[in-house]
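Spelled out, the chains give:
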Amino acid sequence: MFKRIVFVVIAMHFLSGYSQGQKFKVVLDAGHGGKDYGAVYHGNIEKNIALQTTLRVGAILEKDPQIDVVYTRKSDVFIELQQRANIANKSKGSIFVSMHCNANKNQAASGNETYVMGITRNASNLEVAKNENEVVTLETDYKIKYDGFDPNSPESVIGISILQEEHLDQSIELAGRVQEFFTKKTDNKNRGVKQAGFLVLRQITMPRVLVEMGFVSNKEEGEFLNSEDGQNKLAEAIAGAIMDYKNEFFNPSNNDDVKEDVKIIAKKEETIVKETPKKEEAVKKVEKATEKGIVFKIQISASTKELATSPSNFKGLSPISVESTGSLFKYFYASEKNYDVAKQKLEEAKKKGYSSAFIVAYKDGIKINVTDAIK
């Protein structure tokens, strides 16, 4: 029996980098394509389902004047995984969403799940990553391009992961919303948010998720995935999750705005299952700041690795504090009573190379929204 560990993830996204009037840019990636069919069962072809659903998601999002949509493919063509990352990064997207269908030798397996980049030794997660990563064998010189990667090796799947962890908490936040909206729009089983090493996510420099919309290997669920009604429901769920994330974390009219959301994360094995706490329920913090009154800090990074808080580990910045939230360690620079001073500290952190740093606020040791703290 596995022990169930409950912890808190506080997902924050600093938005001062967005200029007034700038749009929220969504990169939609339809998995597979062209000579890469993906999973094929019962006449249901993954590449076609992924493309058709992706286009439906894009059509919904494009109705929002605050959203720009970028596609890695809009037709049945083969796009190398590295090129998908290049398209996303060149576009300077706000988020990256890759859409796929699952498959399993056990054709009774069913349900949807959303992955974030991470290390996993869970056998089922490794198998999903291995299946999606096998597309690289269709690319020329893939072992050179992907540093000797072997899609059949669990060690390769584990080893490709976490060079970039700065967007892990935002990715979990987005993934949790996808699963939440799947539950609202479909009757399919919610398999939760999980971590695994996907090549397509490896070099994406923004919050990114990979969505497994359902199992084409399951005859009944495959028919749903391949139907117009099913694809409409899936598209509405994914688009709804994206817009919900955008509405919470993106406010182009206020350059100093910070949005913060607190969710309960339940971790079982390698699965991160997200639940939305009721408003009236108090959410326990794993660690609390000890300062009284309003305090502003600069979050400079979040990682699964624990580091000593010495300046040498943080490009000379001091003082550094750390909070542990489950498997994540969040590192903060400075502790200021004055918001204007905190903004100066933020600029110092960015000049040191922490481009994704942002301001967080506490009141009597409890994290609060920065705009509330300023008021």
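Note that the structure is a prediction, hence the values are computed from the model and not measured. Numbering of residues starts from 1 in each chain and follows the order in which that chain's sequence is written. Since the coordinates come from a predicted model, pLDDT governs what is reported: local features require at least 70, and pairs of side-chain atoms require 80 or more to be given and counted, while whole-chain, interface and lining totals use all residues. Heavy atoms throughout the structure, all of them, feed into the side-chain values; hydrogens and water do not.

Before going further, it helps to spend a moment on the packing of helix α1 (residues 46-61) against helix α9 (residues 228-249). Packing of α1 against α9 brings their axes to within 8 Å, and their N-to-C directions diverge by 50°. If you check the angle between α1 and α9, you find them oblique. The chirality of how α1 crosses α9 is right-handed. On the side of α1, the interface is formed by I49, Q52, T53, R56, V57, I60 and L61, while α9 contributes E228, Q231, N232, L234, A235, E236, I238, A239, I242 and M243. In this classification, Asp, Glu, Lys and Arg are treated as charged, Ala, Val, Leu, Ile, Met, Phe, Trp, Tyr, Cys and Pro as nonpolar, and every other residue, Gly included, as polar. Residue classes in the contact of α1 with α9 are distributed as 10 nonpolar, four polar and three charged. Fitting a line to C-alpha atoms yields each axis, with helices limited to the stretch in contact; the angle taken between N-to-C directions then spans 0 to 180 degrees. The way it works is that DSSP assigns letters per residue, a run of H or I at least four long becomes a helix, a run of E at least two long becomes a strand, and they are numbered from the N terminus. Small angles under 35 degrees read as roughly parallel and large ones over 145 as roughly antiparallel, with 65 to 115 read as roughly perpendicular and the rest as oblique. A clockwise turn of the near helix away from the far one marks a right-handed crossing, whereas an anticlockwise turn of less than a right angle marks a left-handed crossing. For this analysis, residues touch if any pair of their heavy atoms sits within 4.5 Å.

Right, let's talk about the pattern of salt bridges for a bit. Between Lys or Arg on one side and Asp or Glu on the other, a salt bridge is scored when a side-chain nitrogen of the former is within 4 Å of a carboxyl oxygen of the latter. Under the counting rule described, the total for this entry stands at 13 salt bridges. Linking K194 and E113 is a salt bridge whose minimum nitrogen-to-oxygen distance equals 2.9 Å. Taken together, the positions of K194 in strand β8 (residues 190-196) and E113 in strand β7 (residues 112-117) put the pair 81 residues apart, joining distant regions of the chain. Throughout this description, buried means an accessible area under 20% of the type-specific maximum (1.4 Å probe, protein chains only), exposed means over 50%, and partly exposed covers the range between. On the accessibility criterion, E113 (1% relative accessible area) is buried. Note that R177 and E173 form a salt bridge whose closest N and O atoms lie 2.7 Å from each other. Note that R177 and E173 are positioned in helix α6 (residues 168-185) at a spacing of four residues, about one turn of the helix. Each member of the pair, R177 together with E173, is buried.

Quick look at the pairing of strand β2 (residues 24-30) now. Within a regular strand, the side chains alternate between the two sheet faces. In terms of residue burial, β2 counts as a mostly covered element, since six of its seven residues are buried. One requirement defines pairing of two strands: DSSP has to find at least two bridges between them. Pairing of β2 with strand β6 (residues 95-102) involves five bridges; the strand directions are parallel. In the sheet register, V27 faces β6, and the bridge partner there is F96.

Such coordinate-based values are descriptive only and should not be taken to indicate function.
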